[in-house]
Amino acid sequence: MSPHTLILALVALLGLAMGSAVTALSHRVPRGLSFARGRSACPHCGRTLGVPDLIPVLSFVLQRGRCRTCGHPIGWRYPLTELVCAAWLVLLELRVGLSPDFVLLGVWGLILVALVWIDLDFQLLPDVLTYPGIAVGLAYALLQPEGWKRALLGIVAGSGTLALLAWAYWRVRRVEGMGIGDIKLAAMMGAVLGWEFTLLAFLAAAAGSLWGLSLVLTGRGHGKTALPFGALLAPAAMVSLLWGPAWLFAYVALVTGRR
């Protein structure tokens, strides 16, 4: 095994462990529970979870996706979140290596994963996560050459675009089409991505519109149905960070005929 392969394996294990923390974070924060205090417990029977229950992915597999005490299904999101967080850190290491950038962007992405679940469950993007996410993004930007300018443009472009869309939707429909939490999420994205890749990530908003249209057409929603845009924008931001530059370069090469 090469040294770098060993590093990636350790990073993956770290990501799995962080995935467990992200799961707890996304469960506790919107319910007003302390993240720092109290041990994890089965949400159905209330039994405090022990070490055998907390091994990422493996516990889920060995227990066949059920609580050891009450037998209630645990839920697929637990191992999925752990695997997503592991994949995020591995891909990030391949992108930036082990560096201060890796630490800051790693935390930034883990916060985004937590926001996805919270937005899906509650249509909420809590300040207790978005504000630290913006701070982490700014810290990352300050480590980059001319990073503060890029971050400022990204925040203005991201938050400004969503604020303008929210205002326009209110003027036309007289209902809230986008929450202030989405605008703060856009600032968190813009601080890291800059304006180009923040706008690239906003393609997820188009996907959200199609999602909303499908709900209306299938009778499961209506014109005032709330959609969790944050759950679309957050993964789009992560994808844009990892592959956005390559995609943009390939697009420019295709249009201009240059290689």
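Just so you know, the residues in each chain are numbered from 1, in the order the chain's sequence is written. Given that the model is predicted, a residue must reach a pLDDT of at least 70 before its local features are reported, and side-chain atom pairs must reach 80 or more before they are shown or counted; all residues, however, enter totals for whole chains, interfaces and linings. The basis for the side-chain values is all heavy atoms of the structure; hydrogens and waters are excluded.

What about the packing of aromatic side chains?
- Only Phe, Tyr and Trp rings take part, Trp by its six-membered ring, and two of them pair if their centres are within 6.5 Å. Stacked means planes under 30 degrees apart, edge-to-face means over 60, and tilted covers everything else. A full pass over the atoms with the stated rule returns 2 aromatic pairs.
- Considering the side-chain rings of W76 and W117, the 5.7 Å spacing of their centres and the 65 degrees angle between planes classify their relative orientation as edge-to-face. Of this pair, W76 sits in the loop between α2 (58-62) and α3 (77-96) while W117 sits in helix α4 (residues 100-122), placing them 41 residues apart in sequence.
- A relative accessible area of 56% means that W76 is categorised as exposed.
- With 6.4 Å between their ring centres and 45 degrees between their planes, W88 and W108 make a pair best called tilted. Separated by 20 residues along the polypeptide, W88 in helix α3 and W108 in helix α4 bring together distant segments of the chain. For the pair W88 and W108, one class covers both residues: buried. Labels follow the DSSP assignment, with helices taken as runs of H or I lasting at least four residues and strands as runs of E lasting at least two, numbered in each case from the N terminus. The rule is simple: take the accessible area with a 1.4 Å probe, protein chains only, and divide by the maximum for that residue type; under 20% is buried, over 50% is exposed, in between is partly exposed.

Structural notes on the confidence of the model for the chain
- Confidence along the chain averages 84 in pLDDT terms, with 80% of residues attaining 70 or more.
- pLDDT expresses, on a scale from 0 to 100, how confident the predictor is about each individual residue. Mean pLDDT in the chain bottoms out at helix α8 (residues 203-217), which sits at 58, and peaks at helix α5 (residues 127-142), which reaches 97.

A look at the packing of helix α1 (residues 3-28) against α4
- Angles shown run from 0 to 180 degrees and are taken between the N-to-C directions of axes, each axis being a line fitted to C-alpha atoms and, for helices, limited to the stretch in contact. Relative to each other, α1 and α4 sit at 40 degrees, their axes nearing to 9 Å. When the axes of α1 and α4 are compared, the pair comes out oblique. Taken as a pair, α1 and α4 cross one another with a handedness that is right-handed. On α4, the residues touching V11, M18, V22, L25 and S26 of α1 are F102, L110, V113, A114, W117 and I118.
- Here the residues of the contact of α1 with α4 sort into 10 nonpolar, 1 polar and no charged. Should an angle fall under 35 degrees it is called roughly parallel, over 145 degrees roughly antiparallel, and 65 to 115 degrees roughly perpendicular, with every other angle called oblique. In this scheme the handedness of a crossing depends on how the near helix is turned from the far one: anticlockwise by less than a right angle means left-handed, clockwise means right-handed. Note on contacts: a residue pair is in contact if any heavy atoms of the two residues lie within 4.5 Å. The residue classification treats Ala, Val, Leu, Ile, Met, Phe, Trp, Tyr, Cys and Pro as nonpolar and Asp, Glu, Lys and Arg as charged. All others, Gly included, are polar.

Some thoughts on the pattern of salt bridges
- For salt bridges, the criterion is a side-chain nitrogen of Lys or Arg within 4 Å of an Asp or Glu carboxyl oxygen. Applying the stated criterion across every chain yields a total of 4 salt bridges.
- Linking D121 and R77 is a salt bridge whose minimum nitrogen-to-oxygen distance equals 2.8 Å. One end of the pair, D121, is in helix α4; the other, R77, is in helix α3, and 44 residues separate them in sequence.
- Put simply, K184 and D127 hold a salt bridge, and the shortest N to O gap is 2.7 Å. A residue pair is termed long-range when its members are at least 10 positions apart, and K184 in helix α7 (residues 180-201) and D127 in helix α5 qualify at 57 residues.

Quick word on the nonpolar core
- Ranked by size, the top nonpolar core spans 48 residues in total, and within it W88, W108, L112 and L193 carry the most contacts.
- Sorting the residues of this core by element identifies α1, α3, α4, α5, α7 and α9 (229-256) as the ones contributing at least two each.
- In terms of residue count, α4 provides more of this core than any other element does, 13 residues in total.
- Residues contacting W108, with those up to four places away along its chain left out, are W88, G133, V136, M188, M189, V192, L193, A237 and L241. By convention a nonpolar core is built from buried Ala, Val, Leu, Ile, Met, Phe, Trp, Tyr and Cys residues, the set being connected through side-chain atoms within 4.5 Å.

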